[in-house]
Amino acid sequence: MDGIVSRSVCSYKIVIVTMRTFFIGGNWKLNGNVKLIKEFSNSKEFLSASTSTTELDVVICPAYPYLPTAKEAFAGSAVGVGAQNCHFASSGAFTGEISVNMLEDLEVDWVILGHSERRAIFKETNEIVGKKVQAALASPDMRVIVCIGETEGEREEGITEKFIEGQLLGCENIKEWRADRIVIAYEPVWAIGTGKVATPLQAQEIHAHLRNFLAAQVNPEFAAHVRIIYGGSVNSSNARELAQQPDIDGFLVGGASLKLDEFIKIINESK
Ligand code: PGA
């Protein structure tokens, strides 16, 4: 994952030395089907955008039933496949749930945990999310996209930083986190699916704050290497400016990741 990445900034090309590979995840939520997976996997443009000379991680996260189809469709390409959730127990009487072992059995590369929709609609607390992250990291290979973010009310109250710190501290094993197994997605709830994107400056401020916080809570080495990605109404018009921020290391894209052309544009705008 480490490397020297060259990205174009403003209208001229400069070289930024960074140890962090840009990460773009497509969170399909309760959308998509076999046809959509095939549309992406048959697109030469998508596959080549995802495998450019610029180092990049592109991960598609379809709903559970489509994970094997997606793994097969993207086999041999640079595109990774992620799940949108999992349970913390490895097996047992938990009707309707799936475990990290099951995801590993399917060779799924990533799992999103603690998405704000899981927290708000399915009442996942910081403690539950923490247990899930711990379970995923206890497995041999699973990599985790852990989501955090404040609501509009929390932002207005001026408690954004404390709130998202609390979400991370719900993960008891935070001190053991490794940058090759974790990506942190900062997704302000007020920006998700609303078309109301955080300004590049707003996002950069929080990302920089998180990096300092992680340097203290985990260690400076982890903080320097961990990808902190932004999510919330990312599209091809705002991706470039957001991607140019020094502490924004990628995106978690919802709605716009369901449209092949738009997602390709987001990838290309991020280079
Ligand atoms: P959005 O969703 O891009 O549709 O705002 C982002 C997310 O929920 O991860």
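Definitions and limits used
- Residues numbered from 1 in each chain as written.
- Predicted model: local features only at pLDDT ≥ 70, side-chain atom pairs only at ≥ 80, totals over all residues.
- Heavy atoms only, no water.
- Helix = DSSP H or I, 4+ residues; strand = E, 2+ residues; numbered from the N terminus.
- Rg over C-alpha atoms; globule rule 2.2 N^0.38 Å.
- Buried < 20%, exposed > 50% of the residue type's maximum accessible area, 1.4 Å probe, protein only.
- Contact = heavy atoms within 4.5 Å.
- Areas by Shrake-Rupley, 256 points an atom, 1.4 Å probe, with all protein chains shown as cover.
- Lys, Arg positive; Asp, Glu negative; His and termini not counted.
- Charge placed at Lys NZ, Arg CZ, Asp CG, Glu CD.
- Near = heavy atom within 4 Å.
- Polar contact = N/O pair within 3.5 Å; in protein donor to acceptor, adjacent residues only side chain to side chain.
- Nonpolar A, V, L, I, M, F, W, Y, C, P; charged D, E, K, R; others polar.
- Phe/Tyr/Trp six-rings, centres within 6.5 Å; stacked < 30°, edge-to-face > 60°.
- Lys NZ or Arg CZ within 6 Å of the ring centre and 35° of its normal.
- Pairing = 2+ DSSP bridges.
- Axes fitted to C-alpha atoms, helices over the stretch in contact; angles between N-to-C directions.

Digging into the overall build of the chain
And then number 1: Tallying secondary structure elements over the chain gives twelve helices and ten strands in all.
And then number 2: Taken over the C-alpha trace, the chain has a radius of gyration of 17 Å; the compact-globule value for 271 residues is 18 Å, and the two agree within 12%.
And then number 3: Principal-axis analysis of the C-alpha atoms gives the chain an extent of 55 × 45 × 35 Å.
And then number 4: In the chain, which comprises 271 residues, the share counted as buried stands at 54%.
And then number 5: For the chain, the share of sequence-separated contacts (at least 6 apart) that also reach a separation of at least 24 residues comes to 70%.
And then number 6: Element-wise, carbon and sulfur atoms account for 53% of the exposed surface of the chain, whose accessible area totals about 12000 Å².
And then number 7: For the chain, the centre of its 26 positive side-chain charges and the centre of its 34 negative side-chain charges are spaced 3 Å apart.

Comments concerning the site of the ligand
And then number 1: Surveying the vicinity of the ligand reveals 13 residues, the closest of which are Lys-29, His-115, Glu-187, Gly-193 and Ser-233.
And then number 2: Here an oxygen atom of the ligand sits 2.6 Å away from a polar atom, N or O, in the side chain of Lys-29.
And then number 3: For the ligand, an oxygen atom lies 2.6 Å from a polar atom in the backbone of Gly-193.
And then number 4: Relative to its free-state accessible area of 280 Å², the ligand is covered by the protein chains to the extent of 95%.
And then number 5: Looking at the shell around the ligand residue by residue, the classes come out as four nonpolar, seven polar and two charged.

Let's talk about the packing of aromatic side chains
And then number 1: Summed over all chains, the structure comprises nine aromatic pairs.
And then number 2: A ring pair is formed by Trp-28 and Phe-40, whose centres lie 5.2 Å apart and whose planes are at 65 degrees; its orientation type is edge-to-face. Note that Trp-28 is positioned in the loop between strand 3 (22-27) and helix 1 (34-41) and Phe-40 in helix 1, a separation of twelve residues in sequence. Each member of the pair Trp-28 and Phe-40 is classed as buried.
And then number 3: Taken together, a centroid distance of 6.1 Å and an interplanar angle of 35 degrees make the contact between Phe-46 and Phe-263 tilted. Taken as a pair, Phe-46 in helix 2 (residues 44-50) and Phe-263 in helix 12 (residues 260-269) lie far apart in primary sequence, 217 residues in all.
And then number 4: The buried category is assigned to Phe-263, whose relative accessible area is 0%.
And then number 5: An aromatic cluster is defined as three or more aromatic residues linked by ring pairs; in this entry it consists of Trp-28, Phe-40, Phe-46, Phe-74 and Phe-263.
And then number 6: Sitting over the ring of Phe-122, Arg-118 keeps its end group 4.1 Å from the ring centre.

Looking at unusual backbone geometry
Generally, phi is negative for residues other than glycine and the peptide bonds are trans, each holding for most cases.
And then number 1: Although it is not a glycine, Lys-29 sits at a positive phi angle of roughly 50 degrees.
And then number 2: In this fold, Lys-29 is placed in the loop between strand 3 and helix 1.
And then number 3: The phi angle at Glu-107 is positive, at roughly 60 degrees, despite the residue not being glycine.
And then number 4: Checked against the element boundaries, Glu-107 lands in the loop between helix 4 (100-105) and strand 6 (110-113).

Some points on the sheet that holds strand 10 (residues 250-253)
And then number 1: The eight strands are arranged 3-4-5-6-7-8-9-10 in a closed barrel whose pairing can be described as parallel. Averaged over all pairs of adjacent strands, the angle between their axes in this sheet comes to 25 degrees, without regard to strand direction.
And then number 2: Sheet topology note: the strand 3/strand 4 (residues 56-61) ladder contains six bridges and is parallel. Considered in strand 4, the bridge of Phe-22 is made with Leu-56.

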